[in-house]
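A look at the structure
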Amino acid sequence: MFIIKIADLKIAIDNKYDYVFAQCTEYICSSERFDFSASASEDEIIEEQKIGGFEFNKGYLESICIYRSIAKQLPKYNAFVMHGAAIEYNGRAYCFTAKSGTGKTTHIMLWKKNFGEQVRIINGDKPIIRYVNDEFIVYGTPWCGKEGFGNNINAPLSGICFLEREAVNSITACSHHEALNKLLPQVFLSKDNGIFTATVQMIDNILTKIPLWNLKCNISDEAAILSRDTMYKKV
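These remarks concern the structure in this document. Keep in mind that this is a model prediction, so the values were computed, not measured. Positions within a chain are numbered from 1, following the residues in the order the chain's sequence is written. Reporting in this predicted model follows two pLDDT cut-offs: at least 70 for local features of residues, and 80 or more for side-chain atom pairs to be given and counted; totals over whole chains, interfaces and linings ignore these cut-offs and use all residues. To obtain the side-chain values, all non-hydrogen atoms of the structure were used and water was disregarded.

1. Quick notes on the overall build of the chain
The numbering of helices and of strands both runs from the N terminus, where a helix is a DSSP run of H or I of at least 4 residues and a strand a run of E of at least 2. Each helix and strand counted, the chain has seven helices and twelve strands in total. Our radius of gyration looks at C-alpha atoms and nothing else; its globule reference is 2.2 Å times the residue count to the power 0.38. Whereas a compact globule of 235 residues would reach a radius of gyration of roughly 18 Å, the chain reaches 18 Å, a difference of no more than 12%. In the chain, buried positions account for 48% of the 235 residues. When contacts within the chain are restricted to residue pairs at least 6 apart in sequence, long-range pairs at least 24 apart make up 69% of them. Calculation of accessible area relied on Shrake-Rupley with a 1.4 Å probe; when residues are assessed, cover is drawn exclusively from the protein chains displayed. Within the structure as shown, the chain displays about 11300 Å² of accessible surface, and the carbon and sulfur contribution to it stands at 49%. In this charge count, Lys and Arg are treated as positive and Asp and Glu as negative; neither His nor the chain ends contribute. Lys charges are placed at NZ, Arg charges at CZ, Asp charges at CG and Glu charges at CD. Of the side chains in the chain, 26 bear a positive and 27 a negative charge, and the two mean positions are spaced by 4 Å. Only protein chains enter the accessibility calculation, which uses a 1.4 Å probe; a residue whose area is less than 20% of its type maximum is buried, one above 50% is exposed, and one in between is partly exposed. Two residues qualify as a contact provided that any one of their heavy atoms is within 4.5 Å of a heavy atom in the partner residue.

Below, the structure written as structure tokens:
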């Protein structure tokens, strides 16, 4: 067992395989106290293997199960896991979310290409968002997608952008109702009624506090420039 610190929470990881320890190296802390623990039973790992395919080793599958265990407990601490790519630009965080394969990673790499050191990738796949001191903060985690794009950093959330692939670039404000329908499928939702309700309440709070955007884009530099110029002006 070892302890990591993510989203300013100390989490004890009770692992069976070395994969998770290696994955979490940059987040390990020396504390003996922790807020909660996460683990995966052998049955859970085997079930994940049936879903994901037998080509994956058990250490990788255990990692998936452990992050799911963490995600189930986060709403108790005003936090949740979102499927999306999160970047920091000049001290502010922006999240891009969409169905898998839409081009989230491509888009954030266009930001890196065009804006250089002003951009840092917080998490390329599953960042944690936590409500702290009347502000939503986006945190990096060891679970950052197959590319491994991520850093142990955090920044206040200043915009959520829903991506769609189109030939012509355009960006428009997204309504509360539309954003709710788009964001809910990208958030980990527990089957526990209390945790589910807490998560939905946090999302509703985000939708009232954070600027929301629809970005129809191709994979050009102009797409990144358009989204930056529009969203950064709202800070």
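2. A closer look at the pairing of strand β8 (residues 128–132)
Pairing geometry for strand β4 (residues 79–81) and β8, over three bridges, is antiparallel. Bridge assignment links V81 to a residue of β8, and that residue is I128. Strand pairing is defined by DSSP finding a minimum of two bridges between the two strands. When β8 meets strand β9 (residues 135–139), the two strands line up antiparallel, connected through five bridges. If you follow V132 over to β9, its bridge partner there is E135. The loop that links β8 with its antiparallel partner β9 comprises two residues; one of these, N133, has a positive phi angle of about 50 degrees.

3. As for the side chain of R228
Mapped onto the fold, R228 is located in helix α7 (residues 221–232). Excluding residues that lie within four positions of it along the chain, R228 makes contacts with Y89, W111, F115 and K233.

4. Examining the pattern of salt bridges
Each reported salt bridge corresponds to a side-chain nitrogen of Lys or Arg within 4 Å of a carboxyl oxygen of Asp or Glu. Summed over all chains, the structure comprises ten salt bridges. Three or more residues joined by partner-sharing salt bridges are found here, namely E164, E178 and K182.

5. Regarding the sheet that holds strand β2 (residues 9–14)
Across a sheet, strands are paired by hydrogen bonds formed along the backbone, either parallel or antiparallel in direction. Strand order in the open sheet formed by three strands is β1-β2-β3, and the pairing between neighbours is mixed. Edge positions in the sheet fall to β1 (2–6) and β3 (36–39), since each has one partner strand and no second. Strand-to-strand twist in this sheet, taken as the mean axis angle between neighbours without regard to direction, amounts to 35 degrees. Across five bridges, β1 lies against β2 in antiparallel orientation. What sits directly across from I6, in β2, is L9. Here an axis means a line fitted to C-alpha atoms, over the contact stretch when the element is a helix, while the angle between two N-to-C directions is reported on a 0 to 180 degree scale. Where helix α3 (residues 58–73) meets the sheet, it contacts β2 and β3, and its direction lies at approximately 150 degrees from that of β3.

6. Quick notes on the nonpolar core
It is characteristic of soluble globular proteins that their nonpolar side chains tend to be buried jointly. Side-chain atoms within 4.5 Å link the members of a nonpolar core, which is a set of buried Ala, Val, Leu, Ile, Met, Phe, Trp, Tyr and Cys residues. Ranked by internal contacts, the top residues of the largest apolar core, which has 27 residues, are I4, I11, I13, I70 and I128. At six residues, the largest contribution of residues to this core is made by α3. Those residues in contact with I13 that lie beyond four places of it in its chain are M1, F2, I4, V20, A38, I66 and I70. In terms of nonpolar packing, the next biggest core, distinct from the first, is built from 24 residues, I129, C174, I203 and I206 among them.

7. Topic: α3
Three- or four-residue spacings in an α-helix give side chains the same orientation, since the helix completes a turn every 3.6 residues. The end-to-end C-alpha distance of α3, which contains 16 residues, comes to 23 Å, matching closely the 22 Å that a straight helix rising 1.5 Å per residue would cover. Residues G59, L61, E62, S63, C65, I66, Y67, S69, I70, A71 and Q73 constitute the buried set of α3. Polar contact is the term for a pair of N or O atoms within 3.5 Å; when the atoms are in protein, one must be able to donate a hydrogen and the other to accept it, and sequence-neighboring residues count only if both atoms are side-chain atoms. A side-chain oxygen of the first residue of α3 lies 3.0 Å from the backbone nitrogen of G59; this N-cap is N57. Helix span, as expected, comes to 1.5 Å for every residue beyond the first.

8. Notes on the pairing of β2
Taking the residues between adjacent antiparallel strands as the criterion, β1 and β2 are bridged by two residues, where A7 takes a positive phi near 55 degrees. Bridge count for β2 against β3 is four bridges, and the pairing is parallel. Considered in β3, the bridge of A12 is made with S37.

Don't take any of this as a statement about function, it's just geometry.
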